[in-house]
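Below are the chains, spelled out letter by letter.
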Amino acid sequence: MAVVEAMAGLTEKFPGGGLLLTTAEFFLNWGRKNSLWPLTFGLSCCAFEMFSTGAPRYDWARLGNEVLRATPRQADMMVVAGTVCWKMAPRIQRLYEQMAEPRYVIAMGACATSGGPFYYDSYGTVRGVDQLIPVDIYLPGCPPKPEGLLNAILELEKKIAEDRLPGRRPVKGPAA
Amino acid sequence: MSAVTLEQLRAAFPQASVGAAGGFGPVVTLGAATELPAALAAFKALKPLPLDVCEDYTALDAGEVFILVLHLVSGTDVRARVTLKAPVPKAAPAAPSLVAQFGIADWYEREIFDMFGIRFHGHPDLRRILLPEDWTGYPLRKDYTDDKLLKRPGA
Ligand code: SF4
């Protein structure tokens, strides 16, 4: 019954139960946004806030981010938590391309959104992971608190709820 | 006394100039990096506390020259410690490898090579360690620049 209540207004019940009518788009989005499987992508200090968000005190499993996957093929959401360096850049693109579609990216922290403290005078830092892959949610902070990451996931869920079928998005080429 | 005294250091390697304690024990300055293996051998044989652990090995760009910086401690008593400095000319940035004396120097020397371009003669496998293999230039040199690097405005 929980499903029907959650989708109030978009579902119809037949008298006597047993059948549920809704739109395919709504149903798929509803399933997707409540079972995001994140790819582990902790790169530096921000990663500890991400671990903390996953640990029992904040427990992002409540939002359906149940299992951190160690392989991109089983993941559909990537939290880029930390400083992206140029040596990492080709790997991050490769992993993104291997993720199952539709796939989503949260850029967590000042480093992943813009290069942050390493914007100037750094030979190794990519100034924002959006130079490499498309980003859905930018989460500022150095580091953002776990509450911030939970909010970013909720914002991502709102965005997924508005996805159109078939929801494919292009992969951006590498930054020159 | 658990620290190394300046007299002990002077007696062990008279060619070096020995200065009072800095941040990490007395500072021993060598005339050239080529003296490093001999100095290390002397300090490793120091009595009663041999300086037999290489705790850190790095370099810095001092404008005119590069300076190799070694932190030595005693495995017997960590309060006995010494900073060893040796200049490397910028025109021919090379130094003898210390891998034979301290196995741990292997990766330290690769890092110094990666960041400063100082070559270590006798190193078993001198390749870049942190930067991508195809990187050009040595980023911790003061005159380093590349097309991606942004200078802080006004700095
Ligand atoms: S934004 Fe701050 S906390 Fe996060 S990875 Fe960068 S430096 Fe570390």
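Refer to the preceding data block for the structure.
Since we're looking at a predicted model, the values are computed, not measured.

What's the story with the overall build of chain A in this structure? I'm lost.
Secondary structure summary: chain A contains six helices and six strands in total. Taken from N to C terminus, the helices and strands of chain A fall in the order α-β-β-α-β-α-β-α-β-α-β-α. Among the 176 residues that make up chain A, the fraction classed as buried is 40%. Contacts in chain A between residues at least 24 apart in sequence constitute 74% of all its contacts with a sequence separation of at least 6.

What exactly am I supposed to notice about the pattern of salt bridges here?
Pairing is possible between side chains of opposite charge, provided their charged atoms come close. Counted under the stated rule, the structure contains nine salt bridges over all chains. Between A:D136 and A:K159 there is a salt bridge, with the nearest N and O atoms lying 3.2 Å from each other. Pair noted here: A:D136 is in the loop between helix 5 (109–114) and strand 6 (137–139) and A:K159 is in helix 6 (residues 146–161), with a separation of 23 residues, a long-range link. Residue A:K159 is classed as partly exposed on the basis of its relative accessible area of 33%. For A:E155, the salt bridge goes to A:K158, with nearest N and O atoms at 3.1 Å. With a gap of three residues between them, A:E155 and A:K158 both fall in helix 6, about one helical turn apart. Residues participating in the shared-partner salt-bridge network are B:D125, B:R127 and B:E133.

Is there a simple way to explain the pairing of strand 4 (residues 77–81) of chain A in this structure?
The side chains of a regular strand alternate, first on one face of the sheet and then on the other. Residues and elements named next belong to chain A. Across the five residues of strand 4, five count as buried, placing the element largely inside the fold. Once the chain exits strand 3 (residues 38–39) it traverses helix 3 (residues 46–54) before rejoining the sheet at strand 4, and the crossover so formed is left-handed. For strand 4 and strand 5 (residues 104–108), the ladder comprises five bridges, and the chain directions are parallel. Its bridge partner lying in strand 5, M77 is registered against Y104. Running through helix 4 (residues 89–98), the crossover from strand 4 to the neighbouring parallel element strand 5 is right-handed.

What's the story with the sheet that holds strand 3 of chain A in this structure? I'm lost.
Either a parallel or an antiparallel arrangement is found when strands of a sheet pair, and the pairing is made through backbone hydrogen bonds. Residues and elements named next belong to chain A. What the four strands build is an open sheet, ordered 3-4-5-6; its pairing is parallel. The sheet terminates laterally at strand 3 and strand 6, the two strands that pair on one side only. Note that strand 3 and strand 4 share two bridges and pair parallel. Residue P38 lies in a different strand from strand 4, and its bridge partner there is M77. Contacts from helix 3 reach strand 4 and strand 5 within the one sheet, and its direction differs from that of strand 4 by about 135°.

Can you help me understand the sheet that holds strand 5 (residues 81–89) of chain B in this one?
Residue and element names in this part refer to chain B. Taken in spatial order, the five strands make up an open sheet running 1-2-5-4-3, and their pairing is mixed. With one partner strand each, in any of the chains shown, strand 1 (17–22) and strand 3 (53–61) form the two edges of the open sheet. Along the sheet, successive strands turn relative to each other by an average axial angle of 25°, direction set aside. Where strand 4 (residues 65–73) meets strand 5, nine bridges bridge the pair, whose relative direction is antiparallel.

It is not clear to me how the interface of chain A and chain B should be interpreted in this structure. Could you clarify?
When the parts come together, some accessible area is lost, and that loss is often what is quoted as the size of the interface. Residue-level contacts link eight residues of chain A with 16 residues of chain B. The junction of chain A with chain B conceals about 1100 Å² of combined surface from both sides, 62% of it contributed by carbon and sulfur atoms. Taken together, the links from chain A to chain B amount to zero salt bridges. Inspection of the chain A/chain B interface yields four residue pairs in polar contact (both at pLDDT 80 or more). Considering only residue class, the side of chain A that touches chain B consists of four nonpolar, one polar and three charged.

Any chance you could explain the site of the ligand here in plain terms?
Residues and elements named next belong to chain A. Looking at the ligand, the residues that line it are S44, C45, C46, G82, T83, G109, A110, C111, P117, G141, C142 and P143. Residue contributions to the shell around the ligand peak at three residues, all from helix 5. Per-class residue counts for the shell around the ligand are seven nonpolar, five polar and no charged.

About the thresholds
Residues numbered from 1 in each chain as written. Chains lettered and ligands numbered in written order. Predicted model: local features only at pLDDT ≥ 70, side-chain atom pairs only at ≥ 80, totals over all residues. Heavy atoms only, no water. Helix = DSSP H or I, 4+ residues; strand = E, 2+ residues; numbered from the N terminus. Buried < 20%, exposed > 50% of the residue type's maximum accessible area, 1.4 Å probe, protein only. Contact = heavy atoms within 4.5 Å. Salt bridge = Lys/Arg side-chain N within 4 Å of Asp/Glu carboxyl O. Right-handed = clockwise from strand over helix to strand, strands pointing away. Pairing = 2+ DSSP bridges. Axes fitted to C-alpha atoms, helices over the stretch in contact; angles between N-to-C directions. Buried area = accessible area lost by both parts, 1.4 Å probe. Polar contact = N/O pair within 3.5 Å; in protein donor to acceptor, adjacent residues only side chain to side chain. Nonpolar A, V, L, I, M, F, W, Y, C, P; charged D, E, K, R; others polar. Near = heavy atom within 4 Å.

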